[in-house]
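Observations on the three-dimensional arrangement
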Amino acid sequence: MGKHKTIILSNNDRSLVYRWLACFFTSEVKAETLESYSSPEGRILLDTLAQISALRPLTDELFKLAQQPEATCQTQLLDLAAAYAKLFLGAGGQRSAPPYESAYCNEKGTLFQKPTSDMNVILNELGISIESSLKEPADHLGVQLNVLAEYIDREAQAEANGDYEAACALHQNQVWFLSNHLLNWVPSFCDGCERFDSSGFYKSLAIALNTWLSVDMSCLNEASTAA
């Protein structure tokens, strides 16, 4: 019970945030996404997320994009697609920010290293697989953010079932995963996004992600102490 008094956001809210953030790393921003944010439901979502101070830089950018005239919006979408390719698909060469843990665990920045195999083990243990549409190795940032959301969802389900021992273990899994598969490399990744992004959007995304991870980790640790 102490945990829920400490963490302001519910596990459902935290899971939503992680899955929402993951979407921006697995695909460039689409026109239909911005259109959805112009709808009443979309505006409610952004208004809700904007209440989380760590996410405010990103929600502000999305508000601006969603309010642009259609012609301007189309131009900006093309710019965002180009920025996405340069940062995350390697089109920027040395001015890229590879969204893979492996790229940050060796000086050469090579992929498919130990973090990839470690993540494959974790996915197997969870009994989940990468969506066929996402043709990326298991240590891709989008995959990792969704894995953390999966731990959160399972903790919530365990608590709903009254299995507090399993819930506690899943809570500790989140702490471990954040420490060993996100906070160990994402700050460097976000630094690359901030330095090399030409659009401004991915800089805001990086700031939001980096801040959110740190805040969530602090809350998890505080909750573990209070439990």
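The rules behind each value
- Residues numbered from 1 in each chain as written.
- Predicted model: local features only at pLDDT ≥ 70, side-chain atom pairs only at ≥ 80, totals over all residues.
- Heavy atoms only, no water.
- Phe/Tyr/Trp six-rings, centres within 6.5 Å; stacked < 30°, edge-to-face > 60°.
- Helix = DSSP H or I, 4+ residues; strand = E, 2+ residues; numbered from the N terminus.
- Buried < 20%, exposed > 50% of the residue type's maximum accessible area, 1.4 Å probe, protein only.
- Expected span 1.5 Å × (residues − 1).
- Arc of directions from axis to C-beta.
- Core = buried A, V, L, I, M, F, W, Y, C linked by side-chain atoms within 4.5 Å.
- Contact = heavy atoms within 4.5 Å.
- Polar contact = N/O pair within 3.5 Å; in protein donor to acceptor, adjacent residues only side chain to side chain.
- Axes fitted to C-alpha atoms, helices over the stretch in contact; angles between N-to-C directions.
- Parallel < 35°, antiparallel > 145°, perpendicular 65-115°, else oblique.
- Left-handed = near helix turned anticlockwise from the far one by under 90°.
- Nonpolar A, V, L, I, M, F, W, Y, C, P; charged D, E, K, R; others polar.

What about the packing of aromatic side chains?
- For the structure on display, the rule yields 14 aromatic pairs.
- When the ring of Trp-20 is compared with that of Phe-24, the centres are 5.2 Å apart and the planes differ by 90 degrees; the resulting orientation is edge-to-face. A residue pair is termed a helical-turn pair when its members lie 3 or 4 positions apart in one helix, as Trp-20 and Phe-24 do in helix 2 (residues 11-26) at 4 residues. Residue Trp-20 shares its accessibility class with Phe-24, and that shared class is buried.
- Ring centres of Phe-201 and Tyr-202 lie 5.0 Å apart, and the angle between their planes is 85 degrees; this geometry places the pair in the edge-to-face category. Exposure class is identical for Phe-201 and Tyr-202. Each is buried.
- Members of the aromatic cluster, joined through ring pairs, are Trp-20, Phe-24, Phe-25, Tyr-84, Phe-88, Tyr-104, Trp-185, Phe-189, Phe-201 and Tyr-202.

Some words on helix 7 (residues 114-126)
- Under the 1.5 Å per step criterion, the end-to-end length of helix 7 is 19 Å for 13 residues, consistent within 8% with the ideal 18 Å.
- Residues of helix 7 that are buried include every one of Pro-115, Thr-116, Met-119, Ile-122, Leu-123 and Leu-126, and no others. Buried residues in helix 7, looked at end-on, bunch into an arc of 120 degrees, giving them a common side. Counted as exposed and oriented over 90 degrees from the buried face of helix 7: Lys-114, Asn-124 and Glu-125.

A word on the nonpolar core
- Judged by nonpolar contacts, the single largest core of 65 residues is most densely connected at Trp-20, Leu-21 and Tyr-202.
- At 10 residues, helix 11 (residues 201-226) tops the list of elements feeding residues into this core.
- Every residue in contact with Leu-21, bar those within four places of it in the chain, is listed here: Leu-55, Leu-58, Leu-145, Leu-205, Leu-209 and Trp-212.

A look at the environment of Asn-106
- Relative to the elements of secondary structure, Asn-106 occurs in the loop between helix 6 (70-88) and helix 7.
- Classification of Asn-106 as partly exposed rests on a relative accessible area of 24%.
- Only 3.2 Å separates the side chain of Asn-106 from the backbone nitrogen of Lys-108, close enough to count as a polar contact.

Some words on the packing of helix 2 against helix 5 (residues 56-66)
- One can describe the packing of helix 2 onto helix 5 by two numbers: an axis separation of 13 Å at closest approach and a directional angle of 60 degrees. One way to sum up the angle between helix 2 and helix 5 is to call them oblique. When you trace helix 2 past helix 5, the crossing you get is left-handed. Contacts between helix 2 and helix 5 involve Trp-20, Leu-21 and Phe-24 from the former and Leu-58, Thr-59 and Leu-62 from the latter.
- Split by residue class, the contact of helix 2 with helix 5 holds 5 nonpolar, 1 polar and no charged.

Here we look at helix 6
- The end-to-end C-alpha distance of helix 6 is 26 Å, a good match for the 27 Å that 19 residues give at a rise of 1.5 Å each.
- Among the residues making up helix 6, those that are buried are Cys-73, Leu-77, Leu-80, Ala-83, Tyr-84, Leu-87 and Phe-88. The buried residues of helix 6 occupy an angular sector of 125 degrees when the element is viewed end-on, so they sit on one face. Pointing more than 90 degrees away from the buried face of helix 6 are the exposed residues Ala-71 and Leu-78.
- Gly-90 sits one or two residues past helix 6 and shows a positive phi near 85 degrees.

Quick look at the environment of Ala-71
- Take Ala-71: it is sitting in helix 6.
- Each C-alpha atom, one on Ala-71 and one on Asn-11, is 39 Å from the other, the two residues being 60 residues apart in sequence.

Thoughts on the side chain of Asp-216
- Along the chain, the position of Asp-216 falls in helix 11.
- The class for Asp-216 is buried, based on a relative accessible area of 3%.

Purely spatial values, then, with no claim about function.
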